[in-house]
Amino acid sequence: MYYKRRAKIIFRQYDSFGYITDNRNFGYKLLNNSENHIGDKILSETGALFISILGKNTMSLNDLVDKICQEFSEVNSDRIEQDAKKFYNSLVEDGFLVSGKTKSECEKKDIKFSYKNSFVEIFESTNKVSLKNDKSTQEYFEEYFNGKPQLTNVHIEVISQCNERCIHCYIPHEQKISKIEPDLFNNIIEQCRKLNLLHITISGGEPMLHKDFCSFLRKCRELDLSVNVLSNLTILTDEIIEEMKLNPLLGVQTSLYSMNPEIHDYITQTKGSFEKTKNSILKLIEQDIPLQISCPILKQNKNCYTDVVNWAKNHGVYAGDDYIIIASYNHSTQNLRCRLTINEIEEVIVEKSKIDKNYIANIKAEAEHNTNYSPDDYVCSVCESTLCISDNGNVYPCAGWQDYVVGNILQNPLQKIWENSEKVNYLRNLRKKEFPKCLKCPDKEYCTMCMVRNANENSNGDPLVVNEYFCDIARLNKRIATN
């Protein structure tokens, strides 16, 4: 019997246990994908050893047993074979591994992401055998780490330069002048891997402008990291595509603003950008590289953004549309001239509710979920699982909040910044009660507090000064949902 870890599965080993998970939190899937998420598990110390021995290769049970026997020389080989077979089969049943009587049969069962596949295997997680105990994964992590937040996702801006000048961009154009040194990128990635990080987002600027972009992708693949690339795709090359195809944990996100080239090119301020981006999207689909399209709703495309959504749907790609635009991180608001007014947002919501019968129901469900929050609840998830790092080594809380520097990777290790930065701990310890006006607001269930929205639009960069524009949106959502 042969066994193989599925390509979309990530494994991390800790001192006394292991963690195995699918890429569901970071990957993209087909619009009609009916797959159940495989989920995640905490593995016992022995289970973690068994998985680490399997690695990412296809191995026979005999070879696995031989390697395991080297670790447990005092245990009878027949007993090891029995335990190993039971353990690996349990993870096959759970969907983390595939198996086959031959190496070829085993590898064929590891179905890769494809826009062409009309079916998807479905798995039921049994949560047996491989669990270290009966606690849920999150309960176990909470207990093991004594409630300390764990860094799982780092966003790296490898270059600030960009070949487009999008009118709504939160990065001031005059700041788009630098790029990361390869040694610094590699150092960051290696620190991330030592911290058992799962996911890296690579962006810019336009990351493909960096001459070492392919080597960055290769480094992430070699360290078994899930990767999300944010790019306008206008300079996509065959070399980049080939490297992307080698990492089954990689996905791409790009922006398409309209199916009208003039409107798209006006928003990017770059003639010919529509054709380049559209053609690159089609190339990625042809090469079965997971892709998601972002279509921010602006004044310029509010009457035609649905064309992008429908075009993407016809190609099996999800296109997210959102009217939330934040100010530049230097607190200038010139980029907000393209942001929708409250009346325009109302028109969009009404139109959305006609297209999607569940749209209003989803707004109500989210409001219901927010009904019972307490003054001691977290404001948002900032500094709970993710950080961003710019090309000069500056570390900040989240994308868009570049002027709130919490440390620099050239001066302190990432782990020290994550655990000891005064600014990180300040943000991490903020609670809803820091916003007394919000606690009393009759529309609070329809609001999602976001400190970067506050900070960027405030002349002093204060994250605690409530942004009234988003209060108006909450009020609008409540009025529409309850009428």
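Calculation notes
- Residues numbered from 1 in each chain as written.
- Predicted model: local features only at pLDDT ≥ 70, side-chain atom pairs only at ≥ 80, totals over all residues.
- Heavy atoms only, no water.
- Buried < 20%, exposed > 50% of the residue type's maximum accessible area, 1.4 Å probe, protein only.
- Helix = DSSP H or I, 4+ residues; strand = E, 2+ residues; numbered from the N terminus.
- Pairing = 2+ DSSP bridges.
- Salt bridge = Lys/Arg side-chain N within 4 Å of Asp/Glu carboxyl O.
- Polar contact = N/O pair within 3.5 Å; in protein donor to acceptor, adjacent residues only side chain to side chain.
- Contact = heavy atoms within 4.5 Å.
- Expected span 1.5 Å × (residues − 1).
- Arc of directions from axis to C-beta.
- Axes fitted to C-alpha atoms, helices over the stretch in contact; angles between N-to-C directions.
- Parallel < 35°, antiparallel > 145°, perpendicular 65-115°, else oblique.
- Left-handed = near helix turned anticlockwise from the far one by under 90°.
- 1 Å grid on protein atoms, 1.4 Å probe; cavity = no way out; pocket = protein on both sides within 12 Å on 5 of 7 lines; lining within 4 Å.
- Points joined across faces, edges and corners; volume = space filled by probe spheres on them.
- Core = buried A, V, L, I, M, F, W, Y, C linked by side-chain atoms within 4.5 Å.
- Disulfide = S-S within 2.5 Å.

A. The pairing of strand β6 (residues 97-100), seen in detail. Judged by which residues are buried, β6 turns out to be covered on both faces: Leu97 and Ser99 on one side and Val98 and Gly100 on the other are all buried. Examined bridge by bridge, strand β1 (residues 2-5) and β6 share four bridges and lie antiparallel to one another. Considered in β6, the bridge of Tyr3 is made with Ser99.

B. A look at the pairing of strand β3 (residues 18-22). Judged by how many residues are buried, β3 sits mostly within the fold: five of five residues are covered. Of the two faces of β3, both are covered, the one formed by Gly18, Ile20 and Asp22 as well as the one formed by Tyr19 and Thr21. Bridge analysis of strand β2 (residues 9-13) against β3 gives five bridges, and the strand direction is antiparallel. Bridge assignment links Arg12 to a residue of β3, and that residue is Tyr19. Taking the residues between adjacent antiparallel strands as the criterion, β2 and β3 are bridged by four residues.

C. A look at the pattern of salt bridges. Within this structure, the stated rule accounts for 26 salt bridges. Asp224 is the salt-bridge partner of Arg12, the closest N and O atoms lying 3.7 Å from each other. Residue Arg12 is located in strand β2, and its partner Asp224 is located in the loop between α7 (213-222) and β9 (226-230); the two are separated by 212 residues in the primary sequence. In this pair, the class of Arg12 matches that of Asp224, namely buried. A salt bridge links Lys109 to Glu105; the nearest nitrogen and oxygen atoms lie 3.7 Å apart.

D. Structural context of the side chain of Asn467. In this structure, Asn467 sits in the loop between α17 (451-457) and α18 (468-482). Of the polar contacts made by the side chain of Asn467, one reaches the backbone oxygen of Arg453; its length is 3.2 Å. Polar side-chain contacts of Asn467 include one of 3.1 Å to the backbone nitrogen of Tyr469. Apart from residues lying up to four places away in sequence, Asn467 is in contact with Arg453, Asn454 and Glu457.

E. View of helix α6 (residues 182-194). Over its 13 residues, α6 extends 18 Å from the first C-alpha to the last, a length consistent with the 18 Å expected when each residue adds 1.5 Å. All of the buried residues along α6 are Leu184, Phe185, Ile188, Ile189, Gln191 and Cys192. Buried positions in α6, seen along its axis, are confined to an arc of 160° and lie on one side of it. Exposed positions of α6 whose direction lies more than 90 degrees from the buried face are Asp183 and Lys194.

F. A look at the sheet that holds β2. Ordered by their spatial adjacency, three strands build an open sheet running β2-β3-β4, and the pairing between neighbours is antiparallel. Looking at strand neighbours, the two that pair on one side only are β2 and β4 (40-43), the edges of this open sheet. Strand-to-strand twist in this sheet, taken as the mean axis angle between neighbours without regard to direction, amounts to 15°. Examined bridge by bridge, β3 and β4 share four bridges and lie antiparallel to one another. Paired with Thr21 across the bridge in β4 is Asp40.

G. Representation of the sheet that holds β1 in the model. One open sheet holds the three strands; their spatial order is β5-β1-β6, and the pairing between them is antiparallel. Where the open sheet ends on each side, the last strands, each with one partner, are β5 (59-60) and β6. Here two bridges tie β1 to β5, and the two strands are oriented antiparallel to one another. When the bridges of β5 are listed, Tyr3 appears paired with Met59. Strands β1 and β6 of the sheet are contacted by helix α3 (residues 77-94), whose axis makes an angle of about 115° with β6.

H. The arrangement of helix α1 (residues 45-54) in detail. Most of α1 is tucked away: seven of the 10 residues are buried. One or two steps after α1, the chain reaches Gly55, where phi turns positive at roughly 60°.

I. Examining the packing of α1 against helix α2 (residues 61-71) more closely. Axis separation between α1 and α2 bottoms out at 10 Å; the angle between their running directions is 130°. Considering their axes alone, α1 and α2 lie oblique with respect to each other. The way α1 lies across α2 gives a crossing that is right-handed. Touching Leu49, Phe50, Ile53 and Leu54 of α1 are Leu64, Lys67, Ile68 and Glu71, all from α2.

J. Expanded view of the layout of surface pockets. Here the largest pocket defines a volume of roughly 2,000 Å³. Residue lining of the largest pocket: 49 residues in total, with Tyr170, Leu230, Gln253, Ser294 and Ala399 positioned closest to the centre. Counting only elements with at least two residues in the lining of the largest pocket, the list comes to β7 (153-157), β8 (199-203), β10 (250-255), β11 (291-296), β12 (318-322), β13 (386-389) and α17. A total of five residues in the lining of the largest pocket trace back to one element, the largest contributor, which is β11.

K. Summary view of the environment of Tyr144. Within the secondary structure layout, Tyr144 lies in helix α5 (residues 137-144). We classify Tyr144 as partly exposed; its relative accessible area is 30%. Along the backbone, Tyr144 and Asn429 are 285 residues apart, and their C-alpha atoms lie at a distance of 20 Å. Setting aside residues no more than four positions away along its own chain, Tyr144 makes contact with Asp15, Ser16 and Phe17.

L. Region of the structure containing the nonpolar core. Residues Ile200, Ile202 and Met244 are the most contacted members of the largest nonpolar core, which totals 87 residues. In terms of residue count, α18 provides more of this core than any other element does, seven residues in total. Setting aside residues no more than four positions away along its own chain, Met244 makes contact with Met208, Leu217, Val229, Leu250, Val252, Leu284 and Ile289. Tyr3, Ile20, Ala48 and Val65 belong to the second-largest nonpolar core, a separate cluster that totals 25 residues.

M. Representation of the state of the cysteines. By the definition in use, this model includes zero disulfides. In this model Cys438 remains outside any disulfide bridge; the closest cysteine sulfur is found in Cys471, 6.0 Å from its own.

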